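# Chains, contacts and geometry: an overview
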Amino acid sequence: MKRIIFCLVLSSFLAPIAFGQKKLLKDIPGVVSYTYRDDFAKDVPGTLDKIKSLGVTNIEFSNLFKKTPEELRALLDARGMRCTSIGVGYGDLDKHMDKVIAQAKALGAEFVRIGSIPHPGDFKDLHADVVKQAAIDFNKFGKTLAENGLTFCYHNHGPEFKPAGELGDGLLFDYLVKNTDPKYVSFEMDVMWVYWPGQDPVALLQKYPDRFKLMHVKNVKKGLERGGSATFVAVGEGQIDMEAVLKAARKTKIKYYYIEDESKPEFIDAQMPVSLKYLEGLTR
């Protein structure tokens, strides 16, 4: 009898080890509409069906593909899918805020994000004066969106990781974080566009655990030099340690994760299932 009791007690400890590992990501990640940009441009309902067949039901739209918000929402609802975030331009928020709010609400989105700060010259040449003005505008945009039940996010694309220069210590990104109100301004981390300019996504998540609310998950081919031309691959097959990034992300306020594959369209159908399998197989 004692031996039986001992075995039962031992098994109660071993069972969680063998069978109790929890998935690193609670939900199946969403996808950014840009991933399927060519498909959506040709056939919106068919592309939604393709995405749904992968088990993905959450989409961040940065283009309505000639549909009205109401039409797109009806297509999503009919498939049990949803739009949790929309991407718009800086000028849309600056000059057409009412339209953006109406569009977001019609789609059922929770977040509104922009991915660039307008400035003269090359995309990579972001100047201190426009970053300073952007921080002011972000607070204004975020406050208005918050008053309408929406959350504003800024999505990084690399130029923000230049030294802040006349704006103080750190990087331009640090200035944006420190000079915006956490009540109104959040951030969407694009993992690749943190890593490619030379930064560490894990360190950035640890530095600002409460400011990131969304994440674009993507990876680049091994062997390529950071900062150069990028070739995108399935999430688990690139040079970024995505498992380490996502484990760090679990300790932040990130609510939604979206796969964004910037590969040429002919590679998407092959790579998306591989990315999803990798992400769903990660455990805590």
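Above this text is the structure in question.
Here is a short report on the structure shown in this document. (Residues numbered from 1 in each chain as written. Predicted model: local features only at pLDDT ≥ 70, side-chain atom pairs only at ≥ 80, totals over all residues. Heavy atoms only, no water.)

## So, the pairing of strand β5 (residues 151-155)
Of all 5 residues that make up β5, 4 are buried, and the element is covered over most of its length. Pairing between strand β4 (residues 111-114) and β5: 4 bridges, direction parallel. Counted as the bridge partner of Arg113 is Cys153 from β5. For the segment spanning β4, helix α7 (residues 128-147) and β5, crossover handedness is right-handed. Crossover β5 to strand β6 (residues 185-190) through helix α8 (residues 172-178) is right-handed. (Buried < 20%, exposed > 50% of the residue type's maximum accessible area, 1.4 Å probe, protein only. Helix = DSSP H or I, 4+ residues; strand = E, 2+ residues; numbered from the N terminus. Pairing = 2+ DSSP bridges. Right-handed = clockwise from strand over helix to strand, strands pointing away.)

## Side note on the sheet that holds strand β7 (residues 212-217)
In space, the 8 strands of this closed barrel follow the order β1-β2-β3-β4-β5-β6-β7-β10, with parallel pairing throughout. Across the sheet, the axes of successive neighbouring strands diverge by a mean angle of 30 degrees, strand direction being ignored. By the bridge criterion, 4 bridges tie β7 to strand β10 (residues 256-259) in an arrangement that is parallel. Within β10, the position partnered with Leu214 by the bridge is Tyr256. (Axes fitted to C-alpha atoms, helices over the stretch in contact; angles between N-to-C directions.)

## Description of the packing of helix α3 (residues 44-53) against helix α4 (residues 69-78)
With their axes 10 Å apart at the nearest point, α3 and α4 run at an angle of 35 degrees to one another. Between α3 and α4 the crossing geometry is right-handed. For the pair α3 and α4, the contacting residues are Val44, Pro45 and Leu48 in the first and Leu72, Leu75 and Leu76 in the second. Its residues assigned to classes, the contact of α3 with α4 comprises 6 nonpolar, no polar and no charged. (Left-handed = near helix turned anticlockwise from the far one by under 90°. Contact = heavy atoms within 4.5 Å. Nonpolar A, V, L, I, M, F, W, Y, C, P; charged D, E, K, R; others polar.)

## A look at α3
Of all the residues in α3, the buried ones are Val44, Thr47, Leu48 and Ile51. All buried residues of α3 project into a common sector of 100 degrees when viewed along the axis, lining one side. Capping the start of α3, Asp43 holds a side-chain oxygen 2.9 Å from the backbone nitrogen of Gly46, two or three residues further along. (Arc of directions from axis to C-beta. Polar contact = N/O pair within 3.5 Å; in protein donor to acceptor, adjacent residues only side chain to side chain.)

## Looking at the packing of aromatic side chains
Inspection of the entire model under this criterion finds 15 aromatic pairs. With centroids separated by 6.0 Å and ring planes inclined at 10 degrees, the aromatic side chains of Phe173 and Phe212 adopt a geometry described as stacked. A residue pair is termed long-range when its members are at least 10 positions apart, and Phe173 in helix α8 and Phe212 in strand β7 qualify at 39 residues. Judged by relative accessible area, Phe212 falls into the buried class, the value being 1%. An aromatic cluster is built from Tyr90, Phe138, Phe141, Phe152 and Tyr154, whose rings are joined through pairwise contacts. Sitting over the ring of Tyr195, Arg226 keeps its end group 3.8 Å from the ring centre. (Phe/Tyr/Trp six-rings, centres within 6.5 Å; stacked < 30°, edge-to-face > 60°. Lys NZ or Arg CZ within 6 Å of the ring centre and 35° of its normal.)

## Digging into the pairing of β7
The buried count for β7 comes to 6 of 6 residues, which makes it a mostly enclosed element. Direction of pairing for β6 relative to β7: parallel, over a ladder of 4 bridges. Opposite Asp190, over in β7, you have His216 as the bridge partner.

## Some thoughts on the environment of Arg226
With respect to the helices and strands, the residue Arg226 is situated in the loop between β8 (219-220) and β9 (232-233). Taking the C-alpha atoms as reference points, Arg226 and Gly80, separated by 146 residues in sequence, lie 39 Å from one another. The contacts of Arg226, once residues within four sequence positions are left out, are Tyr195, Trp196, Gly198, Gln199 and Gln239. There is a polar contact of 3.5 Å between the side chain of Arg226 and the backbone oxygen of Gly198.

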